[in-house]
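# Understanding the architecture of this molecule
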Amino acid sequence: MTLLIKEILKLQPKNQLVTVKGWVKNFRANKFVSLNDGSTVQNIQCVIDFESFDEFIIKKITSGTSISIKGKLVNSLGSGQDVEILVTNIKIYGESNADKYPIQPKKHSFEFLRENAHLRVRTSTFGAIMRIRSKLSYAIHKFFQEENFQYVNTPIITSNDAEGAGEMFRVTTLDPKFPPLEQNNVDFKKDFFSKKTHLTVSGQLEAESYALGLGKVYTFGPTFRAENSNTTRHLSEFWMIEPEMAFFDLEDNINLAEKFIKYILNFIIEECVDDLNFLEQRLFNEEKNKPKNERNEMKLIEKLKFVVDNKFERVSYSKAFEILKNCAKNKKKKFEFLVNDWGMDFQSEHERYLVEKHFNKPVVIFDYPSQSKAFYMRLNDDETTVAAMDVLFPGIGEIIGGSQREERLKILENRMNQFGVSKKDLWWYKELRSFGTVPHSGFGLGFERIVLFATGMSNIRDVIPFPRTPNNALF
Ligand code: ATP
Ligand code: MN
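Computed from a prediction, not measured in an experiment: that's the story for all the values here.

Rules used throughout
Residue indices begin from 1 for each chain and proceed along its sequence in written order. Chain labels run from A onward and ligand labels from 1 onward, assigned in the order the entries are written. Given that this is a predicted model, residues contribute local features only at a pLDDT of at least 70 and side-chain atom pairs are listed and counted only at 80 or more, while totals for whole chains, interfaces and linings are drawn from all residues. Calculation of side-chain values draws on the structure's entire complement of heavy atoms; hydrogens and water are dropped beforehand. Nearness is judged by heavy atoms alone; a residue qualifies as near a molecule or strand once a single heavy atom is within 4 Å of it. Using the Shrake-Rupley algorithm and a 1.4 Å probe, accessible areas are obtained, with residue cover drawn only from the displayed protein chains. In this text, helices come from DSSP runs of H or I with a minimum length of four residues, and strands from runs of E with a minimum of two, each type numbered from the N-terminal end. Side-chain classes are defined by residue name, with Ala, Val, Leu, Ile, Met, Phe, Trp, Tyr, Cys and Pro counting as nonpolar, Asp, Glu, Lys and Arg as charged, and the others, Gly among them, as polar. Salt bridges, as used here, are contacts in which a Lys or Arg side-chain nitrogen is within 4 Å of a carboxyl oxygen on Asp or Glu. Accessibility here uses a 1.4 Å probe with only protein chains present; expressed as a share of the type maximum, an area under 20% marks a residue as buried, one over 50% as exposed, and anything in between as partly exposed. The axes used here are C-alpha line fits, helices contributing only the stretch in contact, and every angle between their N-to-C directions lies in the interval 0 to 180 degrees. In these notes the angle categories are as follows: under 35 degrees is roughly parallel, over 145 is roughly antiparallel, 65 to 115 is roughly perpendicular, and the rest is oblique. Residue contacts follow a heavy-atom distance rule, with two residues in contact if any of their heavy atoms lie within 4.5 Å. Centres within 6.5 Å are what make two rings of Phe, Tyr or Trp a pair, Trp counting through its six-membered ring; a difference in plane orientation under 30 degrees is then read as stacked, over 60 as edge-to-face, and the rest as tilted. We score Asp and Glu as negative and Lys and Arg as positive, and we do not count His or the chain ends. Under this definition, polar contacts are N or O atom pairs within 3.5 Å; protein pairs additionally need one hydrogen-donor-capable and one acceptor-capable atom, and for neighbouring residues in sequence, both atoms have to be side-chain atoms. Any two strands with at least two DSSP bridges between them are considered paired.

## Topic: the site of ligand 1
As a matter of local geometry, ligand 1 sits amid 15 residues, with Arg225, His234, Glu398, Ile399 and Arg449 nearest to it. For ligand 1, the protein covers 81% of the area, taking 590 Å² as the surface of the free molecule. Only strand 13 (237-246), strand 17 (397-405) and strand 18 (440-446) provide two or more residues apiece to the shell around ligand 1. Looking at the shell around ligand 1, the element that brings in the most residues is strand 17, giving 4 residues. Taken together, the residues of the shell around ligand 1 sort by class into 6 nonpolar, 4 polar and 5 charged.

Laid out in structure tokens, this is it:
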């Protein structure tokens, strides 16, 4: 019977016959095959008595070869593994030219592996990252289902161009060489959908419509932003989770966000022990090459537990602004961007100071100046701030952005006017406020940002299988 390596490693070895199928990591001394099948970060050692096999077969076993091995499971005498397989049968599926195979049994740089993204999942590091990614995705559905949320799928092609969340990719079937014109402008009435359409930057507005009927909903789908930000935290195509809840105010919203993050991190702390241990070791070795003052003080699992075990710090924008201003005044920290006027947007350096230096834990900032946030966020009684919240994480910055939504038609219309948002296009969004409106709230979590944090990796391009970024849509 074919078993996964993950399953075999749990068996009591007593000479039973097992079959494994996978890819050769390494073949040493014409005798020891180190085999991996993607089910676990651990390889299984298969011991070949080369005299009992055809030389042609033995020659074909190199790094990258795909192979089926049958043999007896025994206790290993060697160090480094508890069990091993004494091989009785070998079947080669696909050979692999050892000189040309990019994934050699040694450590490769992440840059090199990005150029070989079609094969990088065969490395222990990317295997571990992608298994953790998969488990996190499972945990997200599990959490919301247990909390009685309904999963909704919002459109990927949209004609809402008023959300202001980011630059959008246009979707069109018009011929760029000969577009239909009307008075010298492209006539989008002749386009596929008879209007301008784009890839979605957020499913929030549609999710709101569903929350006002199903009660508690969440989306989990691809999101596209054509922003030209070449950072280690931005992708042009990423996955976003957007819960939206009827009858939730901002505080309920923040409570849910904290509970949610802790749940999914806790889930992988329990379910991904081997992968986390492997990554912790791999990244720790990397840290040792850095200058002392740039090293991460906390190891990966310790860092995850720290987030799970501590209450997130909650601070209003105004309070955070005071902290930053005082800190600049007392010359505790020199910021590139001045902290001068209340209402300014915090830059990444400010957020990082608050999270990594001042509070030293995840921070939730709430009640932002109304002009700096989107039109749909609920105006507070002070009429200068909105019921918005951002969750900021060490090393990453913003991981969640959310708010209580404006449910009062008159005020929403005022805000749409102020922001120049088309009331005509969003007639349906307004109508939600005319027929049975309720207070409601929601937030967006960038999936890759939480995978980044959970795996301890430092570049978002390394936590999605095939990253899309400015100037790069390879594979
Ligand atoms: P940032 O300021 O980091 O660009 P944002 O304010 O544009 O974020 P939102 O529009 O609030 O973010 O989106 C919600 C969440 O989606 C963010 O908190 C973040 O986790 C994630 N996110 C936003 N843009 C990207 C991106 N380009 N790549 C990956 N994740 C993103
Ligand atoms: Mn952005």
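Still to come is the rest of the account.
## A word on the pattern of salt bridges
A pair can form between side chains of opposite charge whenever their charged atoms are brought close. Within the structure shown, the criterion is met by 24 salt bridges. In this structure, Glu258 and Lys262 form a salt bridge, with 2.7 Å as the shortest nitrogen-oxygen distance. Residue Glu258 and its partner Lys262 are located together in helix 6 (residues 250-271), separated by 4 residues, close to a single helical turn. You can call Glu258 buried: its relative accessible area is 6%. Through salt bridges with shared partners, a single ionic network connects Glu182, Asp187, Lys189 and Lys190.

## Focus on the packing of helix 9 (residues 317-329) against helix 10 (residues 348-358)
One can describe the packing of helix 9 onto helix 10 by two numbers: an axis separation of 11 Å at closest approach and a directional angle of 85 degrees. Considered as vectors, helix 9 and helix 10 are oriented roughly perpendicular to each other. Judged by residue contacts, Ala320, Ile323, Leu324 and Cys327 of helix 9 engage His350, Tyr353, Leu354 and His358 from helix 10. Grouping the amino acids of the contact of helix 9 with helix 10 by side-chain chemistry returns 6 nonpolar, 2 polar and no charged.

## Comments concerning the packing of aromatic side chains
What the rule picks out here adds up to 24 aromatic pairs. On the numbers, 4.8 Å between centres and 35 degrees between planes, the contact of Phe144 with Phe260 is tilted. Of the two residues, Phe144 is situated in helix 4 (residues 124-146) and Phe260 in helix 6; the sequence distance between them amounts to 116 residues. Here Phe144 falls in the buried class, since its relative accessible area comes to 0%. Given a relative accessible area of 0%, Phe260 falls into the buried group. Between the aromatic rings of Tyr317 and Phe346, the centroid separation amounts to 4.6 Å while the plane-to-plane angle is 15 degrees, which identifies the pairing as stacked. You can see Tyr317 sitting in helix 9 and its partner Phe346 sitting in the loop between helix 9 and helix 10, a full 29 residues away along the chain. Assessed through its relative accessible area of 1%, Tyr317 is described here as buried. Taking the relative accessible area as the measure of exposure, Phe346 reaches 12% and is therefore buried.

## Some remarks on the side chain of Glu280
Tracing the sequence through the fold places Glu280 in helix 7 (residues 273-288). One buried charge, Glu280, has no salt-bridge partner; the nearest side chain with opposite charge is Lys299, at 4.3 Å. Looking at Glu280, its side chain comes within polar contact range of the main-chain nitrogen of Leu300, at 3.4 Å. Residues in contact with Glu280, not counting those within four places in the same chain, are Lys299, Leu300, Ile301 and Glu302.

## Details of the sheet that holds strand 11 (residues 197-199)
Spatially, 7-11-8 is the arrangement adopted by the 3 strands of the open sheet, whose pairing is antiparallel. In the strand order of this sheet, the two ends are held by strand 7 (157-158) and strand 8 (170-171), each with one partner. Direction of pairing for strand 8 relative to strand 11: antiparallel, over a ladder of 2 bridges. Across the sheet, Arg170 pairs through a bridge with His198, a residue of strand 11.

## A closer look at the sheet that holds strand 18
Here we have 8 strands laid out as an open sheet, ordered 6-12-13-18-17-16-15-14, and mixed in their pairing. Pairing within the sheet leaves two strands with one partner each, and these edge strands are strand 6 (150-151) and strand 14 (313-316). Pairing of strand 15 (residues 363-369) with strand 16 (residues 385-393) involves 6 bridges; the strand directions are antiparallel. Directly across from Tyr368, in strand 16, lies its bridge partner Val386. Sitting on the sheet, helix 13 (residues 447-455) touches strand 12 (216-224), strand 13, strand 16, strand 17 and strand 18, and the angle it makes with strand 18 is about 55 degrees.

## Looking at unusual backbone geometry
If you check the backbone angles, Asn15 has positive phi at about 60 degrees while not being a glycine. One can find Asn15 in the loop between helix 1 (5-8) and strand 1 (17-28). Backbone geometry at Asn30 places phi at a positive 55 degrees, although glycine is not the residue there. In this structure, Asn30 sits in the loop between strand 1 and strand 2 (32-36).

## Thoughts on the pairing of strand 5 (residues 83-94)
In the case of a regular strand, side chains alternate between the two sheet surfaces. In terms of strand pairing, strand 3 (residues 44-47) meets strand 5 through 3 bridges, oriented parallel. From the neighbouring strand, Cys46 faces strand 5, where its bridge partner is Ile85.

## Examining helix 10
In an α-helix, one turn spans 3.6 residues; hence positions three or four apart end up facing the same way. Regarding helix 10, the residues found buried are His350, Glu351, Tyr353, Leu354 and Val355. Along its buried surface, helix 10 packs onto helix 9, strand 15, strand 16 and strand 17. In the segment just after helix 10, Asn360 is the residue with positive phi, at about 55 degrees.

Honestly, that's just the spatial picture; any functional story needs more than this.
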